[in-house]
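This is what each chain is made of:
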Amino acid sequence: MSAAMIALLAACVVIETARELCFKLGVDSDERSETEKGIVQMVLTTPWLMLGIGLWIIEMIAWIVVLEQVPLNIAFPVVSLVYATVPITTRWLLNERMTRWQWTAAGIIVTGVALVGTTGI
């Protein structure tokens, strides 16, 4: 696999992690209740949610490019790093709690991705 594809896979993980943070920040920043306005109006009036949707589009395009070059049985496990990066990032940036078991699970995910990566990248 080329260095460009590895970089694009890494970008997919970073973008997806950022997207999830934007969604969380967006729903947390919306002061009006969903009963006061529809979900579509909430999305269209919340900058964090709009940014998250923009990142989703960018990631989707990057993912399609990755899948043109990388077997799915390699690409998908690598992108599953998001299951570790999102909780760790929210712990550091949003001060959300992570239990010892969540830290352990994140470590297992990273180890599993490393094992897949060393066999296929």
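Here the structure is shown first, and the text comes after it.
Owing to the predicted nature of the structure, the values given are computational and were not obtained by experimental measurement.

A. Up close: the pattern of salt bridges. Applying the stated criterion to the full structure yields four salt bridges. Between Arg19 and Glu16 there is a salt bridge, with the nearest N and O atoms lying 3.6 Å from each other. With a gap of three residues between them, Arg19 and Glu16 both fall in helix H1 (residues 3-29), about one helical turn apart. Per residue, the accessibility class of Arg19 equals that of Glu16, and both read buried. The residue Asp28 makes a salt bridge to Lys24 at a minimum N-O spacing of 3.4 Å. Residue Asp28 and its partner Lys24 are located together in helix H1, separated by four residues, close to a single helical turn. Through salt bridges with shared partners, a single network forms among Glu16, Arg19, Glu20 and Glu59.

B. Summary view of the environment of Asn95. Positionally, Asn95 belongs in the loop between helix H5 (82-94) and helix H6 (100-120). By relative accessible area, which is 61% here, Asn95 ends up exposed. In terms of polar contacts, Asn95 uses its side chain to reach the side chain of Arg91, at 2.7 Å.

C. Structural detail: a nonpolar patch on the surface. A surface patch of nonpolar side chains, about 570 Å² in accessible area, is lined by Trp56, Ile57, Met60, Ile61, Ile64 and Val65. Its place among the elements puts Val65 in helix H3 (residues 47-69).

D. Examining H5 more closely. Taken together, the buried positions of H5 are Val82, Ala84, Val86, Ile88, Thr89 and Thr90. Where H5 terminates, the next one or two residues include Asn95, which has phi positive at roughly 60°.

E. Inspection of the packing of aromatic side chains at higher detail. The full count for this structure, using the stated rule, is one aromatic pair. Taking 5.8 Å as the distance between ring centres and 70° as the angle between the ring planes, the aromatic pair formed by Phe23 and Trp56 counts as edge-to-face. Residue Phe23 is located in helix H1, and its partner Trp56 is located in helix H3; the two are separated by 33 residues in the primary sequence. The side chain of Arg19 reaches across the aromatic face of Trp56, ending 4.9 Å from its centre.

F. Spatial organisation of H1. For H1, spanning 27 residues, the distance from its first C-alpha to its last is 38 Å, which sits close to the expected 39 Å at 1.5 Å a residue. Along its buried surface, H1 packs onto H3, helix H4 (72-79) and H5.

Rules of the game
- Counting starts from 1 at the beginning of each chain's written sequence and moves along it residue by residue.
- Where local features are concerned, this predicted model is filtered to residues with pLDDT of at least 70; where side-chain atom pairs are given and counted, the filter is 80 or more; whole-chain, interface and lining totals use all residues.
- Side-chain figures throughout are based on the complete set of non-hydrogen atoms in the structure, without hydrogens or water.
- The salt bridge definition used is simple: a Lys or Arg side-chain nitrogen within 4 Å of an Asp or Glu carboxyl oxygen.
- The helix and strand labels rest on DSSP assignments: H or I over at least four residues marks a helix, E over at least two residues marks a strand, and numbering proceeds from the N terminus.
- A 1.4 Å probe rolled over the protein chains alone gives each residue an accessible area, and that area as a share of the maximum for its type sets the label: buried under 20%, exposed over 50%, partly exposed in between.
- In protein, a polar contact means a hydrogen-donor-capable atom and an acceptor-capable atom, both N or O and within 3.5 Å, with residues adjacent in sequence counting only if both atoms are side-chain atoms; elsewhere, any N or O pair within 3.5 Å suffices.
- By definition, no residue in a patch forms a salt bridge, and every one has over 30% relative accessible area; like charges are joined within 9 Å, nonpolar side chains (Val, Leu, Ile, Met, Phe, Trp, Tyr) within 5 Å.
- Only the protein chains shown count as cover for residues, and all accessible areas are computed by the Shrake-Rupley method using a 1.4 Å probe.
- Working definition: rings of Phe, Tyr and Trp (its six-membered ring) pair if their centres are within 6.5 Å, and the pair is stacked with planes under 30 degrees apart, edge-to-face with planes over 60 apart, and tilted otherwise.
- When the NZ atom of lysine or the CZ atom of arginine is within 6 Å of a ring's centre and also within 35 degrees of its normal, the charge is said to sit over that ring.
- Residue count minus one, scaled by 1.5 Å, sets the expected span of a helix.
- In this analysis, two residues are considered to be in contact whenever any of their non-hydrogen atoms come within 4.5 Å of each other.

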